[in-house]
Amino acid sequence: MACSKQKVVVHDSYAGNLAFYFDSISDDYKVLRLLCEETTTGGLPILQIYSTNDNSWKEIYVHDTSPTNVMSYPYLKLGPVINGAMYMGRKEYVVSFDLQSEVCTVVPTPSSMVRYSDILDFEDSVAIIFGSKDKGSEISLWTLDNIHDSTSWNKKFDIEQDNMGWIYSCLGGGLLYGRTREDVGEFFLYDYRKKDFKYIPLSDSRLKTVLKYTETIASIEGLNHDLFKFSKTLSLI
């Protein structure tokens, strides 16, 4: 993949996907934006990276067809960042974007499994919850491990809850946050260590998301670029 300085006209109908992260090696807070809409980029995924240290943007065109097939989706969720890489993906594949080498790598998910979660940060490992395609079968948390330079999915534990529809995040301390599978699903916390399941007593209209809070010294002072008025031309200097 090549990096280049460009001008990109972005349409009001599609603002791109944004993620904010800390680059520990360069001691820099950065914004990553993924553009992949046909009318915006011609179908070629583009990663735009803003550095708060340099106060500048740069672009990376993803020419490799493997990550392109996964990333060419308008509302792809970016994150989490685990061990120096940002992860994203859809049902069949996970894409890792190395924040230092700026290279994308595609990892297939188990073809015989159904996915029941977003990509999770589970104890500093990439994890996804999978279940068998057979109705009523068990669901389990699997981690993506690198053993002797070989990457593979490995089962960690089963989740003993019949009504679990989708897991959004791992909050630490043994807690998973998700939603039940009914048409009007309820949100819940599941303690996989204690096998304890509790509903969150909030209505769907009031609960937007649940976050794992970590104290930070990050500041948005100086980040005065308007990232939300995308109808103008962004000059990437």
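Before any of the text, the structure's been laid out above.
In short, a report on the structure.

Definitions and cut-offs
Residues numbered from 1 in each chain as written. Predicted model: local features only at pLDDT ≥ 70, side-chain atom pairs only at ≥ 80, totals over all residues. Heavy atoms only, no water. Pairing = 2+ DSSP bridges. Helix = DSSP H or I, 4+ residues; strand = E, 2+ residues; numbered from the N terminus. Axes fitted to C-alpha atoms, helices over the stretch in contact; angles between N-to-C directions. Buried < 20%, exposed > 50% of the residue type's maximum accessible area, 1.4 Å probe, protein only. Core = buried A, V, L, I, M, F, W, Y, C linked by side-chain atoms within 4.5 Å. Contact = heavy atoms within 4.5 Å.

### Let's talk about the sheet that holds strand β10 (residues 104-108)
Taken in spatial order, the four strands line up as β7-β8-β9-β10 in an open sheet, and their pairing is antiparallel. In this open sheet, the two edge strands, each paired with only one partner strand, are β7 (78-82) and β10. Between one strand and the next, the sheet's axes are offset by a mean angle of 30°, whatever the strand orientation. Both strand β8 (residues 85-89) and strand β9 (residues 93-98) contribute to a ladder of five bridges, which runs antiparallel. Pairing of Ala-85 across the sheet is with Asp-98, part of β9.

### Looking at the sheet that holds strand β16 (residues 164-172)
Taken in spatial order, the four strands make up an open sheet running β16-β17-β18-β19, and their pairing is antiparallel. On the outer flanks of this sheet lie β16 and β19 (196-199), each paired with one strand and no other. Strand-to-strand twist across the sheet, computed as the mean angle between neighbouring axes with direction ignored, equals 25°. Across six bridges, the pairing between β16 and strand β17 (residues 175-180) is antiparallel. The residue bridging Ser-169 from the neighbouring strand is Tyr-177, located in β17.

### Some points on the pairing of strand β3 (residues 17-23)
Every second residue of β3 is oriented toward a common face, the buried set being Asn-17, Ala-19, Tyr-21 and Asp-23 and the non-buried set Leu-18, Phe-20 and Phe-22. Pairing geometry for β3 and strand β4 (residues 28-35), over seven bridges, is antiparallel. If you follow Asp-23 over to β4, its bridge partner there is Asp-28. What sits between β3 and β4 in their antiparallel hairpin is a turn of four residues, with Asp-27 showing a positive phi close to 55°.

### What to know about the nonpolar core
In terms of nonpolar packing, the biggest core is built from 18 residues, with Leu-32, Leu-34, Leu-47, Met-71, Met-88 and Phe-97 touching the most fellow members. Elements supplying a minimum of two residues to this core: β3, β4, β5 (46-51), β8 and β9. The next biggest cluster of nonpolar side chains, apart from the first, holds 17 residues, and it includes Leu-120, Ile-159, Leu-176 and Tyr-192.

### Thoughts on the environment of Met-86
Within the element layout of this structure, Met-86 appears in strand β8. Distance from Met-86 to Tyr-21, taken between C-alpha atoms, is 8.9 Å for residues 65 residues apart in sequence. In this view, Met-86 contacts Ala-19, Tyr-21, Leu-32, Leu-78, Gly-79, Pro-80, Val-81, Val-95, Ser-96, Phe-97 and Leu-99; residues no more than four positions away in its chain are not counted.

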